[in-house]
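Chain and residue survey
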Amino acid sequence: MSTNHTRADLTLRLGAAAGDGIQSAGEIMMKTLSRSGAYVSTYNGNQSLIRGGHVWFHIHAGEMPVYSLGYGIDYLIALTQLAYDEHYSEVNSGGVVIYDSSQVKAHDFPNGVNSIDAPLVKTALKYDKRPIMKNTVALGLLGGLLGLKFEVIADTIGEQFAKKPDVQESNVAAAREGYTFAEQHAPETMRRIKFDYTVKRSIMHAGYAVALGAVNAGCRFYAAYPMSPASPIVHWMTANARELGIRVFLGEDEIGVVNATIGASFAGARAMCATSGGGFSLMQEAIGQAAMTETPLVVVDVMRAGPSTGLPTKTSQGDLNMVLGISHDDFPRAIIAPRSPEDAYYLAGRAFNLAERYQIPVIILLDFAIGDGGYATIDELDFNTLIDRGKLVREVTKDMTNGVWFKRYSLTEDGVSPRALPGTAGAMYVAKTDEHDEWGHDLSDVEAGLRTAIQMREKQHVKRMSKLKGVASEMRPPELYGPDKADLTLVSWGSSALPIREAIPVLKSSGFSVNSLEFFDIFPLSADARSMLRGASRLLNVEQNITAQFAKYLRRETGIEIKENLLKYNGEPIYPAEVVDAVKNALKHEEMKQLA
Amino acid sequence: MLNLKLYESDVKPDWCPGCGDFGVLAALKNALAALEIPPERVQISSGIGCSSNLPGYIRTFGHHGLHGRPVPVATGIKMANPDMVVIVTAGDGDEYGIGFNHLVHAARRNHDIKVIVMNNEIYGLTTGQLSPTSEKGQRTKTSPDGSIIYPLNPLSTLLGAGATFVARGFSGDPKQLSSLIQEAIKHRGFALIDTLSPCVTWHDIYDKVRAKMYKLEGTAHDSSDLISAYRLALESDRIPLGLFYRTEDRPSFEELMSEDVTSIYPVDNARNLTAEQIASVMARFS
């Protein structure tokens, strides 16, 4: 296991059965660390069940920004045998395994690993007939080992149980016992970081961030049908609906959801809906409709491993081909893939401006790893989000109508026609999903095939597609992470950028010169992308699907073929160590070739 | 009564001569004029099929969308701007076939939208295939030996779904249809008007309807009685026309929503969060 000893960071993993409260304990620890000045990045290894099975919560914390799961495990809490068996081999030298020998049979401690056999169940039974507080005892123990102030832990626990005052006190007391146990049984040396209790950091996952970014950009209509891992977005929207004035539509299916969103947007609201791959598949015809009627639309796809129902609680970047090819025939669209929660907040706001300026569908691709599955520290957000509603006509002048209809689909140089909202006097028109002329007259029935209709079809089709020129001019090139010049440049899109950021310094300390190009504006591709790729001496593509969808897309758009890939498609997120190994293998292989 | 010319389109309907849909169009214009609703306050959403071409033939705001999806589109429009009078005009394929799920749930949620289904018991524009309301034994291109399936009963199904306004009209009686549309618009909540609108080319039901129809006006039927409404809906020997059921005991979705959510429409609300809202939201992220 590659480790990173140069950084002031540490990794924690809590493993148990679903229903043991491990997610709750993990979230309390994550919040406690954030309130103690630490940066965090978490991952939720959950299953599609309510009780039983095996779930784990991983926290990477540091004195400086952290991005991924980090390297190995420094502290493992194993509440079940399965949790122990699954994770013990990943514990770093110098790390600690915490277990209760009344529940877990410990074995094969790796070299240099400390163990603490703690009476978690026995202690928990003091506070309840059932040992439900064993997670809290373990949490207190972990806090003690890390040297966190107990008051901060106690406050966070108190908050978590604010709605259950009867168990609030007993949970704090149970945590206190664990904390005291740690003070008495801590190994002599442990990996630690410094805390600064004067700094409180905010934490968010990309689901919440995309919702917040949308609403701050004026989105006041949200529609959804529950689907993991997109559901936290609808939870946030409904929880905040009253206070923020959001109208939430809980549709009967994703087809209803996207059509209602299109209706709300057509009526003038900034509107959004979200789903995962399966729901997105159902939405496709309507997304083509939005493009044809030139109705602005923002849709979020929080990717999970497919195809079909696939792995509902596991991560993937397998939906790129789908969104590049949504629905039948050609139409303009924009595709954006935020790399992190913070990115998701800003790119959501921008998505609405793109959607309204160009009257097109904008797709935001998130994934489980940064969506439902992982929180991360966010810096202070800028809430002064630009709201540009594009060519929105509030008053109709004579040149805009023929006395009957508003000229909704007028042929313009940039392809964007002035839009008026239902309710505007004199602005009546019919939004048409059939091919139409400038006034919204059908070209599909009595005019179909007539010379004028043939010409108009061509003009309208070209008009719609010409909007892509404008969109492309707003698309940003990939961001460079690491040194300007390097022997090898890693290429990634969306959240795959994060483990790469933590691999680069480790590679550097081993003498490898590596940087990375992080793509987040995916389609249309920024004009600068090609030259940036050309400038690299060697490219290695990193993404989470089996066919290198992004690399193939880049080849199609730029002619540049990336021959080396790190592809992960087993549902688990990419670990920085895997990037390190892939780069080392690639560069060593090159050296061997040169020697031969 | 507003001037009917206000609603006049510059497009002549492409329906076959004698098509029932002409009667529906006339009744709809008449109802809007009678209620004095100006064109800019009317939103008509439709799906795909002959009947769904209707928005192009009436000068109001229109959304001529996908097959089966006009109900969710209308729902989104109404939620975003409750000032609009939101109407759906579609066919039996749209509403009782591909988009039935949406119809049933819009009824259950009592969205303030008025759904006029032009029911001709056939898929007309696709040149005559079985529809969900085709009768058992009906010969079509997809049932050359006669349909072996019983038709869907839209009225009893919608009553079961909790629709708060259920009526049946006939395109051959635009006067009665207009008054049903006016009642539907005045109703606070979801309304379904199943409108028998014969296809003279593929399945002409004028004679059948005229032979079996009778009007509910003037009968003893009490439209606030759900059980009587069911009984009428299940009648098969005769075809009752008129208002089957209406209740205003249940508030509309939009009325419930405006209690929940600030009454400023999303349309007028595309702005950043206030400092107070930001502080409150961000407190939960730390």
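The structure presented is a predicted model; accordingly, all values stated were derived computationally and were not measured. (Residues numbered from 1 in each chain as written. Chains lettered and ligands numbered in written order. Predicted model: local features only at pLDDT ≥ 70, side-chain atom pairs only at ≥ 80, totals over all residues.)

Notes on the overall build of chain B
- A count of helical and extended segments in chain B gives 10 helices and 8 strands.
- Relative to the globule expectation of 19 Å for 286 residues, the C-alpha radius of gyration of chain B, 20 Å, shows essentially globular dimensions.
- Every one of the 286 residues in chain B was classed for burial, and the buried ones make up 53%.
- If you take every contact in chain B between residues at least 6 apart in sequence, the share linking residues at least 24 apart comes to 71%. (Helix = DSSP H or I, 4+ residues; strand = E, 2+ residues; numbered from the N terminus. Rg over C-alpha atoms; globule rule 2.2 N^0.38 Å. Buried ≥ 20, exposed ≤ 12 C-beta atoms within 10 Å, placed from the backbone. Contact = placed C-beta atoms within 7 Å.)

Let's talk about the sheet that holds strand β13 (residues 361-367) of chain A
All names here are of chain A.
- With respect to topology, 7 strands assemble into an open sheet ordered β9-β8-β10-β11-β13-β12-β21, the strand pairing being mixed. At either margin of the open sheet sits one strand with a lone partner, and together these are β9 (247-250) and β21 (521-523). Averaged over all neighbouring strand pairs, the angle between strand axes comes to 25°, with direction disregarded.
- Pairing of strand β12 (residues 334-336) with β21 involves 2 bridges; the strand directions are antiparallel. (Pairing = 2+ DSSP bridges. Axes fitted to C-alpha atoms, helices over the stretch in contact; angles between N-to-C directions.)

With respect to the domain arrangement of chain A
Residues and elements named next belong to chain A.
- Split into domains, chain A comes out as domain 1 (9-185), domain 2 (204-378), domain 3 (392-474) and domain 4 (479-595).
- Its C-alpha centre places domain 2 at a distance of 27 Å from the equivalent point of domain 4.
- Contact with domain 2, which involves 24 residues of that partner, is made by 21 residues of domain 4.
- Listed by contribution, the elements that provide at least two residues to the side of domain 2 that touches domain 4 are α11 (320-324), β12, α12 (341-358) and β13.
- Here the side of domain 2 that touches domain 4 is built from residues that sort into 13 nonpolar, 6 polar and 5 charged. (Domains from an automatic or database assignment. Nonpolar A, V, L, I, M, F, W, Y, C, P; charged D, E, K, R; others polar.)

Details of the sheet that holds strand β23 (residues 564-567) of chain A
Residue and element names in this part refer to chain A.
- Strand order in the open sheet made by the 5 strands is β18-β20-β19-β22-β23, with mixed pairing throughout. Only two strands of the sheet have a single partner each, and these edge strands are β18 (479-481) and β23. With direction set aside, neighbouring strand axes in the sheet form an average angle of 25°.
- Strand direction decides the pairing type here: strand β19 (residues 488-493) and strand β22 (residues 539-543), joined by 4 bridges, are parallel. Bridge pairing in β22 links Leu490 to Leu540.
- Set on the sheet, helix α14 (residues 497-509) makes contact with β18, β19, β20 (514-519) and β22; between it and β20 the angle comes to about 170°.

Considerations on the packing of helix α1 (residues 22-34) of chain A against helix α5 (residues 150-160) of chain A
Residues and elements named next belong to chain A.
- Between α1 and α5, the least distance of the axes is 9 Å, while the angle of their chain directions is 130°. It follows from the interaxial angle that α1 and α5 lie oblique. Every pair of crossing elements has a handedness; the one defined by α1 and α5 is right-handed. Across the interface between the two elements, Ser24, Ile28, Lys31 and Thr32 from α1 touch Val152, Ile153, Thr156, Ile157 and Gln160 from α5. (Parallel < 35°, antiparallel > 145°, perpendicular 65-115°, else oblique. Left-handed = near helix turned anticlockwise from the far one by under 90°.)

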